[in-house]
Amino acid sequence: MTRPIRIFWRIFFGGFAFVILLLLMLNFGWIGSMPDLDDIENPSASLASQVYAEDGTLMGKYYIEDRINVKYKDISKHVINALVATEDERFYDHSGIDARSLGRAFFYLGSEGGASTITMQTAKNLFTENWSTKSFILRGLQKLKEGIIAVKLERHFTKEEIITLYLNTVAYGDNVYGIRNAAKTFFQKEPDRLNVEEAAVLIGMLKGATLYNPRRNPKLALDRRNTVLNQMVRNKYLDAAEADVLKRQPIELNYKKLDETTGLGPYFRMVLGEEMKKWCKEHKKNNGDAYDLYRDGLKIYTTINPRMQLYAEEAVAKHISYMQKLLNTQDNIKKGTAWNGFENVMEGIVKQTDRWRNLKKEGLSDEETRATFNQQIPMRVFAWNANRGKDTVMTPLDSIKYHRQMLQAGFMVMDPLNGQIKAWVGGVDFKTFKYDHANINTKRQVGSTIKPLLYSLAIEEAGFTPNTEVQDVQQSFGSFGMVPNTPKTCTGGTMPMALALAKSRNCASAYILKQLDNTANNGAKRFVEFLKKCDFTSKVEPYPSIALGATEISLFEMMQGYSMFPGRGFNAKPMYITRIEDRNGNVLATFTPQRKEVISDVTAYSVIRMMQGVMTNGTGAGIWQYDPPGGMEIAGKTGTTNDNSDAWFIGYTPQYLAGGWVGCDDRFIRFNSKNGEGGRAAMPIWAYFFDKAASDPNCGIDTRLTFVKPEVMSNDINIDYINGTAPVLGGEGEDMGTGTSSDYEIPKDIKPEEMGAESQFIIEESKKPTDPKDNKKPGVPTGTPATKPAEKPKTVMPKKPGGGTL
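Presented here is a report on the structure given in the accompanying data block. No experiment lies behind these values; they were computed from the predicted model shown.

### Observations concerning the pattern of salt bridges
For the structure on display, the rule yields 40 salt bridges. Note that K335 and D331 form a salt bridge whose closest N and O atoms lie 3.4 Å from each other. A relative accessible area of 59% means that K335 is categorised as exposed. Shared partners join several salt bridges into a network, and the residues in it are K61, D66 and K257.

### Considering a nonpolar patch on the surface
A grouping of Y72, Y92 and Y237 is seen on the molecular surface, where their side chains present a nonpolar patch of about 270 Å² in accessible area. With respect to the helices and strands, Y92 occurs in the loop between helix 3 (77-87) and helix 4 (99-107).

### Observations concerning empty space enclosed by the protein
Size it by volume and the second largest cavity reaches roughly 60 Å³. If you go around the second largest cavity, you meet 13 residues; those closest to its centre are L407, N644, V662, G663 and F671. Grouping the amino acids of the lining of the second largest cavity by side-chain chemistry returns seven nonpolar, four polar and two charged.

### Quick look at the packing of helix 10 (residues 218-234) against helix 11 (residues 240-247)
Interhelical geometry of helix 10 versus helix 11 gives an angle of 175 degrees and a closest axis separation of 10 Å. Our classification of the angle between helix 10 and helix 11 gives roughly antiparallel. Along its contact with helix 10, which presents R225, N226, L229, N230 and V233, the element helix 11 presents A240, A243, L246 and K247. Considered class by class, the residues forming the contact of helix 10 with helix 11 number five nonpolar, two polar and two charged.

### Overview of the pairing of strand 17 (residues 577-581)
Where strand 5 (residues 299-302) lies against strand 17, four bridges are found, and the strand directions are antiparallel. Paired with K299 across the strands is E581, a residue of strand 17. Relative to strand 18 (residues 587-590), strand 17 runs antiparallel, the two being bridged by three bridges. Bridging from a neighbouring strand, R579 pairs with T590 of strand 18.

### Considerations on the nonpolar core
Counting residues in hydrophobic clusters, the biggest one holds 158 residues, and the most contacted among them are F411, W424, F527, F565 and F689. The leading source of residues in this core is helix 13 (residues 306-328), at 11 residues. The contact partners of W424, leaving out residues within four places of it in the chain, are Y267, F268, V271, I304, Q309, F411, M412, D436, A438, N439, F556 and Y576. Residues V70, V79, I149 and L238 belong to the second largest nonpolar core, which totals 42 residues.

About the criteria used
Residues numbered from 1 in each chain as written. Predicted model: local features only at pLDDT ≥ 70, side-chain atom pairs only at ≥ 80, totals over all residues. Heavy atoms only, no water. Salt bridge = Lys/Arg side-chain N within 4 Å of Asp/Glu carboxyl O. Buried < 20%, exposed > 50% of the residue type's maximum accessible area, 1.4 Å probe, protein only. Patch = residues over 30% accessible without salt bridge, like charges linked within 9 Å, V, L, I, M, F, W, Y side chains within 5 Å. Areas by Shrake-Rupley, 256 points an atom, 1.4 Å probe, with all protein chains shown as cover. Helix = DSSP H or I, 4+ residues; strand = E, 2+ residues; numbered from the N terminus. 1 Å grid on protein atoms, 1.4 Å probe; cavity = no way out; pocket = protein on both sides within 12 Å on 5 of 7 lines; lining within 4 Å. Points joined across faces, edges and corners; volume = space filled by probe spheres on them. Nonpolar A, V, L, I, M, F, W, Y, C, P; charged D, E, K, R; others polar. Axes fitted to C-alpha atoms, helices over the stretch in contact; angles between N-to-C directions. Parallel < 35°, antiparallel > 145°, perpendicular 65-115°, else oblique. Contact = heavy atoms within 4.5 Å. Pairing = 2+ DSSP bridges. Core = buried A, V, L, I, M, F, W, Y, C linked by side-chain atoms within 4.5 Å.

Written as structure tokens, this is what we have:
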């Protein structure tokens, strides 16, 4: 044997040994990481957690990669055929590595197609990293690793399982992963409903998810789709004549991507997400790791009724867009003088913006940074139009003012018997204003909506009845002074307690508080203890002014407090999750209603009857001008705080409890007219919601149901709204707010000029004020009947707001 031949064989065997050694080292993970057998037998990818409404409707997802798994039987055969025909023609014949494709790729250096099989691509998606590396050596090692894993996958999985794994992990661009999400995003279909041409579009995207994205590049996507159809013809999955017909058709997209700002209940999903993060930290998987909301594919089933949620969002939008027009016509809003004296508030808001922080990081001084806020620039701002936005040119400072002057709202619907929340609206537009006004952490002064709670305590523990005579006169609370300090809001006479509630008489409420205990302020302390018994978590100081609602409580808590009235004395803690499942459908947690008895059934019914009087003879009587469902029994209470900073209405039927708050994030931005009262600013949302919901069988509202009188009561409660020595005010009755700074001593921790619990997500000053003639728009109630009319009045309803900008 000649010397050159010996050298050749040494190189050959040495090279062969090196390759074997390299493969062994890769296989055992000595070079780079290699998944173990358990990982290969139980492959996993990051899965989005899904939120479902009570009827199974998908509301939204939490994810880093938007991916949801699907089973093989739930994938259209057209997708399978298109995939095999285009990506791996001999998929059913090889064992993970296709020798012909490998030889072709090696001979032509990849110019005639790659060597990767579907199995190798699955291995790449599941177990390898550095996909886009430009290192030839690193990419070569990665390919070898993919081949090893592919062979192992073929040993442990069927062909159908491998295809399913691949289609569940592949990327489709737009942060969409997996065939199910792709089908839902691009065509609004489940993957088993995809037809041939739709399947060809999605499989065509696998060659380049961005390049062949039909939303971004429709022409390239069309050409690529037709290429896939040709491949299906070549591999006898499709008839040539049928393919010719399909290739002449355009791509018909139905694109809709579900993200945090779209879909039902975005405010609710934000609150739910924070709750789920806490749950995940407190619960462990079998391997000891905490659950990950964004990766573990949890299924979260909620109490939300999707139809009610839709109607709640529509009701808020319908009324607040109209009320915004009224606010924009107000002189101090048009001229910008509402901000006079609050320059320090504006300074604080400016310094919280991203613009200020970024410019400071760049080294600009305060003066230089502040100057940029007075320079006009193009921007997009919120507007009450179809797109909830408009392009304009304004200064960043004006932009801040513009958005801060937008009315906000919180609205919630709940089943008072079990606490299940059916609808949750935290604001007017989640994309622009992410601060949630229905959240338990968002607290505003509640005004007269606290009075039913005070009255229920008086009935339960002090022997009052709806017809007990109460004095509508100022009251002395020792060192706390007189409440109110001036008799100007008092009638000076007596009236039945029910009439005092109906007309929302502050002086009578102070009298009732004082009757709870004759010592200086023990009545207030007793009321605070009662609120704690109702599970209020907000800090309520025992000042006499709490009888008028001069305390900050969340809408969430108020809903729980009111639940004891239609709940026949039982308080129901609001709940919105029924169960949590893992990615495989195993139940991880279930949640049940939490109720406790707070007052007697008789007390609850007595308050119900008085609150029905609010709606027929008091501050809530204007609701009949909004034409609520005929025959439906309604009980409720309006609330208005100092200078109309906060408007409330909480009402209920025998089936559902709903409550709403309306105001601006900054309390000094407010109505300076009766338009800011609870009966005008908040109550119509309630009416609009029930008008829609009661007409929809999917909501299950029975308008024929009545409030049930306790069996221990032989006779119903008849309330006298006429007699009494106090003069009866005309019109709709007066919700007097919580008074002014001179009416009673305000606790030191409550300042009327104080900023509210504002959002920090703003950019905002009103440009074009709407036509002042809009201020005469019908529908804002100006008077009410003395009693509920036998036949609802035929009034002209407010026109639905148009698409114009504000």
